[in-house]
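Chain residues, written in single-letter form:
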Amino acid sequence: MSKQDRTLVISPNWIGDAVMAQPLLRLLKQAHPERAIDVLAPPQVVPVWKRIQEADQIMETPFRHRALQLGERLKTAKQLRKRGYHDAYVLPNTLKYALIPWLARIPRRVGYKGEMRYGMVNVMHHDDSPPRSMVPFYAALAREPELPLPGQLARPSLVVAGEETEAVARHLGLSLERPLVAFAPGAEFGIAKRWPPAYYAQLAARVAATLPDAQIALMGSVNDVETCEQVVGQSGLAEGVVRNLAGQTSLDDAIALLAKARAVVSNDSGLLHIASALNRPVVALYGSTDPNYAPPLSEIARTISLRLECSPCRQRECPLGHHDCMTKMSVDRVWSELAPILARK
């Protein structure tokens, strides 16, 4: 491979955003199949990129959240300069990420205007009004600015090997011979996105009554352990029927398990978009965020949003203090979407 027969993609920082960037890489690979695609990504999203087939090499960033760390960016840019790139696609909208390909002297640097990045981004795209959803927003970078996207975009897709799922299930004491139903009651962005734990508990009880052999896995990060414990405690189910796996699985493990889930119920979170990209049946619960902006795109996807006058507020906590967008979303409403999915053979 000659020098500059490579493309650099600078990853978003959020898990769901990284998933929804996959169709962009598909378009880049279709346009230049001979050109390797390297991804520069923060540690928390590397497991996602490892399962995106179009990513040839993933390089982990050394940067702290919100820190400029100019010295580290200079060091990273020098390393990238040695590799040689034809072009770079800067997916975060911040100035500090646009610095890297500019310092690396990559000749073609593509991205949105973001934080007034004139010069650093020299193929500049501009946000639409009204804004597009995330998949076409990123995919548009594969075209020249102002040009329409070609046809219908394929949905985001992640690939997991069957033996990986088997190993993770064995380690956690789960049986792949029994139905696995996954709940993701957390959301890293803030509590405004979360359906109440008591409602998840009632939903778990209905799943167990309908599918007596089901394994209900509560998934999330270490920050979701307490929320998931509330679900377990309020479900009234026997020990082992509903399992709190939050904080016990890496993101790698969570992706492997979700690949075999019979159904996934989730707030608007990274795990929702992973499940969707694995083409699992999902029931997606939206309150403070807009389902049109980042919808699940699996073949079987049910989206619930009450679309109250005050939502989407896009805040970490309910600015009005009542959290009606989630507390008024009844268990009956969610069950009406989940039950037919569980009944499928």
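Note that the structure is predicted; figures quoted are calculated from it, not measured.

Would you take a moment to explain unusual backbone geometry for this structure?
Trans is the prevailing form of peptide bonds, just as negative phi is the prevailing case for residues other than glycine. Residues Ser 311 and Pro 312 are joined by a peptide bond in cis, for which omega reads 0°. Here the phi dihedral of Arg 105 falls at roughly 60°; this positive angle occurs in a residue that is not glycine. Arg 105 sits in the exposed class, given a relative accessible area of 62%. You will see that Met 116, though not glycine, has its phi angle at about 50°, which is positive. Mapping Met 116 onto the fold places it in the loop between β5 (108-112) and β6 (123-125). Exposure remark for Met 116: the relative accessible area of 54% places this residue in the exposed category.

What is the right way to read the pairing of strand β1 (residues 6-10) from this model?
Residues in a regular strand project their side chains so that they alternate between the two faces of the sheet. Most of β1 is tucked away, with five of its five residues classed as buried. Residues of β1 alternate between two faces, with Arg 6, Leu 8 and Ile 10 on one and Thr 7 and Val 9 on the opposite face, all of them buried. Two elements, β1 and strand β2 (residues 36-41), share five bridges in a ladder whose sense is parallel. The partner of Ile 10 across the bridge, within β2, is Leu 40. Taken together, the four bridges between β1 and strand β4 (residues 87-90) define a ladder with parallel strand orientation. By the bridge assignment, Thr 7 is partnered in β4 with Asp 87.

Just checking my understanding: could you explain the pairing of β2 for this structure?
Among the six residues that make up β2, six are buried, leaving the element largely enclosed by the rest of the structure. Burial along β2 is two-sided: the residues Ala 36, Asp 38 and Leu 40 and Ile 37, Val 39 and Ala 41 are all buried. Sheet topology places β2 next to strand β3 (residues 57-60); four bridges connect them, and they run parallel. Counterpart to Ala 41 in the pairing with β3 is Glu 60.

Can you help me understand the layout of surface pockets in this one?
Empty space left among the atoms is revealed by rolling a probe the size of a water molecule over them. Empty space within the second largest pocket amounts to approximately 260 Å³. Lining of the second largest pocket is provided by 18 residues; of these, Leu 28, Ala 31, His 32, Tyr 89 and Ala 142 occupy positions nearest its centre. For the lining of the second largest pocket, the elements supplying multiple residues, two or more each, are α2 (22-31) and β4. Among the elements that take part in the lining of the second largest pocket, α2 stands out by supplying four residues, more than any other.

Looking at this model, I keep getting lost on the packing of helix α8 (residues 197-210) against helix α13 (residues 331-343). Mind explaining?
Each pair of packed helices can be described by the angle between their axes along with the distance between the axes. Between α8 and α13, whose axes approach to 11 Å, the crossing angle comes to 35°. Handedness of the crossing formed by α8 with α13: right-handed. For the pair α8 and α13, contact is made by Tyr 199, Gln 202, Leu 203, Arg 206, Val 207 and Thr 210 and by Val 331, Asp 332, Val 334, Trp 335, Leu 338 and Leu 342, respectively. Among the residues forming the contact of α8 with α13, the class breakdown is eight nonpolar, two polar and two charged.

Procedures and definitions
- Residues numbered from 1 in each chain as written.
- Predicted model: local features only at pLDDT ≥ 70, side-chain atom pairs only at ≥ 80, totals over all residues.
- Heavy atoms only, no water.
- Buried < 20%, exposed > 50% of the residue type's maximum accessible area, 1.4 Å probe, protein only.
- Helix = DSSP H or I, 4+ residues; strand = E, 2+ residues; numbered from the N terminus.
- Pairing = 2+ DSSP bridges.
- 1 Å grid on protein atoms, 1.4 Å probe; cavity = no way out; pocket = protein on both sides within 12 Å on 5 of 7 lines; lining within 4 Å.
- Points joined across faces, edges and corners; volume = space filled by probe spheres on them.
- Axes fitted to C-alpha atoms, helices over the stretch in contact; angles between N-to-C directions.
- Left-handed = near helix turned anticlockwise from the far one by under 90°.
- Contact = heavy atoms within 4.5 Å.
- Nonpolar A, V, L, I, M, F, W, Y, C, P; charged D, E, K, R; others polar.

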